[in-house]
Amino acid sequence: QVQVVESGGGLVQPGESLRLSCAASGSTLRVSNMAWYRQAPGNRREFVAAIVGSTGALSYADSVKGRFTISSIAANNTGYLEMNNLNPEDTGVYLCAAELEYRSYWGEGTQVTVSS
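Residues numbered from 1 in each chain as written. Predicted model: local features only at pLDDT ≥ 70, side-chain atom pairs only at ≥ 80, totals over all residues. Heavy atoms only, no water.

Asks: So, the pairing of strand S1 (residues 3–7): which residues are in play, and what are the values?
Replies: Only one face of S1 is covered, namely the face carrying Val4 and Glu6; the face carrying Gln3, Val5 and Ser7 is uncovered. As paired elements, S1 and strand S3 (residues 18–25) share five bridges and run antiparallel to each other. The residue of S3 that forms the bridge with Gln3 is Ser25. (Buried < 20%, exposed > 50% of the residue type's maximum accessible area, 1.4 Å probe, protein only. Helix = DSSP H or I, 4+ residues; strand = E, 2+ residues; numbered from the N terminus. Pairing = 2+ DSSP bridges.)

Now the structure itself:
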């Protein structure tokens, strides 16, 4: 059974950085695509960033362009989201979606709080 686990969240001050990890386990298949979403209390889940494993194509939400970087997917089915110059609007639970064999698997998320 595929499991996806996010880690690396925490409490930081505005302007600081965090690196989130997403690890998919339980399958011999390679993760083909990976995406990050976030959800703040009372808000809808919103897209943050994604990578297409086969081509390396990247996409970002406008709100994070230039500040966040999604990594390529490693052979051990791990990916990262580097987040720089964080601001309070980036606060939320960050969730990773890992796609294997045309099916997306979600983790439970990691909390990111940006506050002074």
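So, next bit.
Asks: I'd like a rundown of the pattern of salt bridges, residues and numbers included.
Replies: Within this structure, the stated rule accounts for five salt bridges. Across the pair Glu82 and Arg19 runs a salt bridge whose closest N-O atoms are separated by 3.8 Å. Of the two residues, Glu82 sits in strand S8 (residues 78–83) while Arg19 sits in strand S3, which places them 63 residues apart along the sequence. What makes Arg19 partly exposed here is its relative accessible area of 47%. (Salt bridge = Lys/Arg side-chain N within 4 Å of Asp/Glu carboxyl O.)

Asks: Account for the nonpolar core, with residues named and values stated.
Replies: In this structure, Val4, Trp36, Val48, Phe68, Leu81, Met83 and Tyr94 are the most contacted members of the largest nonpolar core, which totals 29 residues. For this core, the secondary-structure elements that each account for two or more residues are S3, strand S4 (33–39), strand S5 (46–52), strand S7 (68–70), S8, strand S9 (92–100) and strand S11 (110–114). (Core = buried A, V, L, I, M, F, W, Y, C linked by side-chain atoms within 4.5 Å.)

Asks: How would you explain the sheet that holds S7 if you had to name every residue and give the values?
Replies: Strand pairing in a sheet relies on backbone hydrogen bonds, with the paired strands running either antiparallel or parallel. One open sheet holds the four strands; their spatial order is S1-S3-S8-S7, and the pairing between them is antiparallel. Each edge of the open sheet is held by one strand with a lone partner, namely S1 and S7. Pairwise comparison of adjacent strand axes, ignoring direction, gives a mean angle of 15 degrees for this sheet. Summarising the sheet, S3 and S8 pair through six bridges and their orientation is antiparallel. Within S8, the residue paired with Leu20 across the bridge is Leu81. (Axes fitted to C-alpha atoms, helices over the stretch in contact; angles between N-to-C directions.)

Asks: Describe the side chain of Ser21, naming the residues involved and giving the relevant values.
Replies: As for its placement among the helices and strands, Ser21 is situated in strand S3. Taking relative accessible area as the criterion, Ser21 reaches 18% and is therefore assigned buried. Setting aside chain neighbours within four positions, we find Ser21 in contact with Val5, Glu6, Ser7, Trp36, Gly79 and Tyr80. (Contact = heavy atoms within 4.5 Å.)

Asks: Residues and numbers for the packing of aromatic side chains, please.
Replies: For the structure shown, the criterion picks out two aromatic pairs. The interplanar angle of 75 degrees and the centroid separation of 5.7 Å between the aromatic rings of Tyr37 and Phe47 together place this pair among those described as edge-to-face. Of this pair, Tyr37 sits in strand S4 while Phe47 sits in strand S5, and the two are ten residues apart along the sequence. Plain terms: the ring middles of Tyr37 and Trp106 are 5.1 Å apart, the flat faces sit at 50 degrees to each other, and that makes the pair tilted. Of the two residues, Tyr37 is situated in strand S4 and Trp106 in strand S10 (residues 103–106); the sequence distance between them amounts to 69 residues. One aromatic cluster is present, built from ring pairs that chain together Tyr37, Phe47 and Trp106. (Phe/Tyr/Trp six-rings, centres within 6.5 Å; stacked < 30°, edge-to-face > 60°.)

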